[in-house]
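# Examining the three-dimensional arrangement
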Amino acid sequence: MRTIKTPHGITLHYQDEGNKKSPPIILIMGLGAQMTVWPDTLYYGLVKNGFRVIRFDNRDSGLSTHCDHAPPASLFKSWLSKRLSIPTKTPYLLDDMANDVLALMCALKIKKAHFVGASMGGMIAQLIAAQHKKKVLSLTTIMSSSSLPRLSAKSIGVFIKLAKLRPKTQNLDEAINYNIKLNQLIGSPAYPQTEDTLRHHATQIVKRSYNPNGYKRQLVAMAASKNRQHLIRKIKTPTLVIHGSDDVVIPLNAGKNTAALIKKAKLRVVPGMGHNFAPELMPKMTKWLTKHIKKAQRKHLNKKRKKQQKNTLV
């Protein structure tokens, strides 16, 4: 585990495994989630398949900078400002989080990479793919969206339940129990996990870092950020969209819409998958990512080779 400091003073905690000469993959995690939410089976599976794989804590999560010095984040004010064109200050936007990723690449001397983003991480990866095309070799978005998704009645019901369950204090036991309930509500119906398993993971996560105010600031960053759909249409890089059929946080239609907006994007709908990384699905997901990224890597190398041959002839 290592750290880098961005030009804007954000310290990012990251892990970098695999041969440094291998094609790099950058994994970007979602709302309020630490880098350790990327399953080790997926992470080390990609390393084993010949990639250099980097995962990191976003700002305001895990062991990276907690932006507690920032003004209080208000979801309501953010919502109101977008609808009534009333200016309001937010601690940061998704664009700032995208710049954190670019700063990490710069520090690690990575010019181009394959990007894999989950949920909010997929949104950040989309911004990079649309606005920094030369840095992106391929894009994969998992359980993500091209904008704030329209929630179904079922999704709204889940969020109401979560709001009622949210801990009122900083007590770690309450945080662990909330994490268990969260994963029971949003997890994959076809791949349920035992409460003992969920408790083990929740305990590890909460003891590593507990930052509920960071979650709120990230949520406001999502809500306050501009609609990305006009940008996403500009993405030309090879793209894979993975989405669960039973995702109650970001409905399947959001994944379908993302795939429709990106030229030649491939959509893979996973039956029974919710808004989590079910352990049973990780061997398949590792295989899908490996196939997609290796194909994109070959395309990049062929294009680079043709360009070199053309320059030689000139």
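This section reports on the structure supplied with the text. (Residues numbered from 1 in each chain as written. Predicted model: local features only at pLDDT ≥ 70, side-chain atom pairs only at ≥ 80, totals over all residues. Heavy atoms only, no water.)

As a further point, take the pairing of strand E3 (residues 24–28). Burial within E3 is extensive, with five of its five residues counted as buried. Here E3 shows two buried faces, one formed by Pro24, Ile26 and Ile28 and the other by Ile25 and Leu27. Sheet topology places E3 next to strand E4 (residues 52–56); four bridges connect them, and they run parallel. In the sheet register, isoleucine 26 faces E4, and the bridge partner there is isoleucine 54. Read as a crossover between parallel neighbours, the route from E3 over helix H1 (residues 40–48) to E4 is right-handed. Two strands pair when backbone bridges link them, and E3 and strand E5 (residues 113–118) are joined in this way by four bridges, in the parallel orientation. Each residue of the ladder has a partner; that of isoleucine 28, found in E5, is glycine 117. (Buried < 20%, exposed > 50% of the residue type's maximum accessible area, 1.4 Å probe, protein only. Helix = DSSP H or I, 4+ residues; strand = E, 2+ residues; numbered from the N terminus. Pairing = 2+ DSSP bridges. Right-handed = clockwise from strand over helix to strand, strands pointing away.)

Okay, the environment of isoleucine 242 next. Its location among the elements puts isoleucine 242 in strand E7 (residues 239–244). Looking at isoleucine 242, the relative accessible area reads 0%, which means it is buried. Put simply, isoleucine 242 and glycine 255 are 13 residues apart on the chain and 7.3 Å apart in space, counted from C-alpha to C-alpha. With sequence-adjacent residues up to four places away left out, isoleucine 242 is seen in contact with Thr140, Thr141, Ile142, Met143, Arg268, Val270, Met285 and Trp288. (Contact = heavy atoms within 4.5 Å.)

We now examine the pairing of strand E2 (residues 11–17). The buried fraction of E2 is high, at five of seven residues. Across four bridges, strand E1 (residues 2–5) lies against E2 in antiparallel orientation. Within E2, the position partnered with threonine 3 by the bridge is histidine 13. Adjacent in sequence and paired antiparallel, E1 and E2 are bridged by five residues, among which glycine 9 carries a positive phi angle near 85°. Across four bridges, E2 lies against E4 in antiparallel orientation. Bridge assignment links glutamate 17 to a residue of E4, and that residue is valine 53.

With that out of the way, let us pick up the side chain of arginine 228. Relative to the assigned elements, arginine 228 resides in the loop between helix H8 (212–224) and helix H9 (229–232). Buried charge without a partner: arginine 228 forms no salt bridge, and the closest opposite charge is aspartate 95, 8.2 Å away. Once residues lying within four places of it in the same chain are set aside, the contact partners of arginine 228 are Leu94, Met123, Gln126, Leu127, Ser145, Ser146 and Ser147. (Lys, Arg positive; Asp, Glu negative; His and termini not counted. Salt bridge = Lys/Arg side-chain N within 4 Å of Asp/Glu carboxyl O.)

Residues of helix H10 (residues 252–261) that are buried: Leu252, Ala254, Gly255, Thr258, Ala259 and Leu261. Buried residues in H10 make contact with helix H4 (120–131), strand E6 (136–142), H9, E7 and strand E8 (266–270).

It is worth spelling out the packing of aromatic side chains at this point. Scanning all chains against the criterion turns up two aromatic pairs. With centroids separated by 5.2 Å and ring planes inclined at 45°, the aromatic side chains of tryptophan 38 and phenylalanine 277 adopt a geometry described as tilted. Remark: phenylalanine 277 occurs in the loop between E8 and helix H11 (282–313) and tryptophan 38 occurs in the loop between E3 and H1; sequence separation between them is 239 residues. Pair check on accessibility: tryptophan 38 and phenylalanine 277 agree, each one buried. The interplanar angle of 90° and the centroid separation of 5.0 Å between the aromatic rings of tyrosine 43 and tyrosine 44 together place this pair among those described as edge-to-face. (Phe/Tyr/Trp six-rings, centres within 6.5 Å; stacked < 30°, edge-to-face > 60°.)

Now for helix H6 (residues 172–186). For H6, built from 15 residues, the straight-helix expectation of 21 Å at 1.5 Å per residue is met to within 8% by its first-to-last C-alpha distance of 21 Å. For H6, the set of buried residues is Ala175, Ile176, Tyr178, Asn179, Ile180 and Ile186. A distance of 2.9 Å separates the backbone nitrogen of aspartate 173 from a side-chain oxygen at the start of H6, and that oxygen is part of asparagine 171. (Expected span 1.5 Å × (residues − 1). Polar contact = N/O pair within 3.5 Å; in protein donor to acceptor, adjacent residues only side chain to side chain.)

Judged by nonpolar contacts, the single largest core of 50 residues is most densely connected at Ile26, Ile28, Phe115, Ile124 and Ile128. Not counting residues up to four positions away in its chain, the partners in contact with isoleucine 28 are Trp38, Phe56, Asn58, Val101, Phe115, Val116, Gly117, Ala118, Gly121, Ile124, Ala125 and Ile128. Met29, Met143, Met273 and Ala278 belong to the second largest nonpolar core, which has 27 residues in total. (Core = buried A, V, L, I, M, F, W, Y, C linked by side-chain atoms within 4.5 Å.)

One pass over the structure, following the stated rule, counts eight salt bridges. Residue arginine 55 pairs with aspartate 40 through a salt bridge whose shortest N-O separation is 2.9 Å. Placement of the pair is arginine 55 in strand E4 and aspartate 40 in helix H1, with a sequence separation of 15 residues. Overlapping salt bridges bring together Asp16, Lys20 and Arg52 as one network.

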